[in-house]
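Structure at a glance
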Amino acid sequence: MTTGVQQQHAVTRLALLTTIWGCVLVMSGWHPYDRATWWMEVAPALITVAVLWATRRQFSLTGLAMLLIGLHGLALMMGGAYTYARVPIGFELQHWLGLSRNPYDRFGHLLQGFVPAIVFRELLVRLGGMRPGRLLASLVIACCLAVSASYELIEFGAALALGQGADQFLGTQGDPWDTQWDMLMCLVGAIAAVVLLSGVQDRELQALITLDP
């Protein structure tokens with residue numbers, strides 16, 4: 001169990017995340033490009049914040065994990081407002097880098113690996129009792145790929161159910177290899193998170209792990 005001070009800090013972080021997300025959610029949902037797509041894109045953020053509040057007394061994530069979750073939620077809301085193929089900053093990057101398509105969807109799938117990697121790693125260490133090392137890293141990356149594959153199946157289901165109406169949600173932009181690219185970007189994101197942030201996360205976890213049941 002976390003101490004009273006740690007729990008207070010965790011609730012403060014969660015309240016701040018909820019406030020920021022709430023404001024951005026209102027702005028992104030004011031006049032979205034496509035209302036149905038907006039709901040599908042922001043749904044993961046809504047589910048996440050509900051789970052975080054429901055589990056705040058039993059288990060609170062570290063500041064690093066909460067920061068990354070917060071940034072990922074903002075990216076989802078941006079994609080929901082414009083649809084991933086029409087996010088303005090994506091068009092700017094497309095122009096600067098000479099790309100053939102808006103890359104914001106690729107960025108979103110990179111985050112789909114980068115952020116869950118840190119969350120999975122924390123859960124496996126604190127709840128699963130795993131020690132940092134190659135086995136933990138491999139399992140974290142495998143979990144992220146499982147999430148990516150599950151999301152692609154959700155997109156597949158949306159495509160079957162909605163037909164052409166799912167085009168905005170899928171964001172393929174005419175690329176027949178979009179599913180494979182999405183999973184590759186998730187893999188790259190997961191590996192990058194494990195390589196770049198494991199040390200930072202371990203230092204945060206060291207202050208908590210002896211206090212967990």
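For the structure given in this document, a descriptive report is provided here. (Residues numbered from 1 in each chain as written. Predicted model: local features only at pLDDT ≥ 70, side-chain atom pairs only at ≥ 80, totals over all residues. Heavy atoms only, no water.)

Looking now at empty space enclosed by the protein. Taken as a whole and assessed by the stated rule, the structure comprises one cavity of 30 Å³ or more. Volume-wise, the largest cavity comes out at about 80 Å³. If you trace the largest cavity, you find it lined by Ala10, Val11, Arg13, Leu14, Leu52, Arg56, Phe59, Ser60, Leu61 and Met66. In terms of residues, the lining of the largest cavity owes the most to one element, helix α1 (residues 4-28), which gives four residues. Partitioned by chemical class, the residues of the lining of the largest cavity number seven nonpolar, one polar and two charged. (1 Å grid on protein atoms, 1.4 Å probe; cavity = no way out; pocket = protein on both sides within 12 Å on 5 of 7 lines; lining within 4 Å. Points joined across faces, edges and corners; volume = space filled by probe spheres on them. Helix = DSSP H or I, 4+ residues; strand = E, 2+ residues; numbered from the N terminus. Nonpolar A, V, L, I, M, F, W, Y, C, P; charged D, E, K, R; others polar.)

Trp21, Leu61, Leu68, Ile69, Ile118 and Val140 are the most contacted members of the largest nonpolar core, which totals 42 residues. Elements with a contribution of two residues or more to this core: α1, α2 (35-54), α3 (63-82), α5 (104-126), α6 (134-162) and α8 (178-206). Sequence-distant contacts of Ile118, defined by excluding residues within four places in its chain, comprise Leu64, Ala65, Leu68, Ala193, Leu197 and Gln201. (Core = buried A, V, L, I, M, F, W, Y, C linked by side-chain atoms within 4.5 Å. Buried < 20%, exposed > 50% of the residue type's maximum accessible area, 1.4 Å probe, protein only. Contact = heavy atoms within 4.5 Å.)

For the structure on display, the rule yields four salt bridges. Residue Arg106 pairs with Asp182 through a salt bridge whose shortest N-O separation is 3.7 Å. With a gap of 76 residues between them, Arg106 in helix α5 and Asp182 in helix α8 connect regions that are remote in the sequence. Both residues of the pair, Arg106 and Asp182, belong to the buried class. (Salt bridge = Lys/Arg side-chain N within 4 Å of Asp/Glu carboxyl O.)

Moving on, we get to the layout of surface pockets. If you add up the space inside the largest pocket, you get close to 890 Å³. Pro44, Thr48, His72, Pro116 and Val147 are, among the 33 residues lining the largest pocket, the residues nearest its centre. Listing elements by their share of the lining of the largest pocket, those giving two or more residues are α2, α3, α5 and α6. When residues of the lining of the largest pocket are assigned to their parent elements, the largest contribution, 10 residues, is made by α5.

This part takes up the packing of aromatic side chains. Taken as a whole, this structure holds three aromatic pairs when the rule is applied. When the centroid spacing of 4.9 Å and the interplanar angle of 75° are considered together, the rings of Trp38 and Trp39 count as edge-to-face. Where Tyr84 meets Tyr104, the ring centres are 5.4 Å apart and the plane angle is 45°; that geometry is what we call tilted. Highlighted residues: Tyr84 in the loop between α3 and α4 (88-97) and Tyr104 in helix α5, separated in sequence by 20 residues. By the ring-pair criterion, three or more aromatic residues cluster together here, those being Tyr84, Tyr104 and Phe107. Over the face of the ring belonging to Trp38 we find Arg35, whose NZ or CZ atom lies 5.3 Å from the ring centre. (Phe/Tyr/Trp six-rings, centres within 6.5 Å; stacked < 30°, edge-to-face > 60°. Lys NZ or Arg CZ within 6 Å of the ring centre and 35° of its normal.)

Nothing here speaks to function; it is all geometry.
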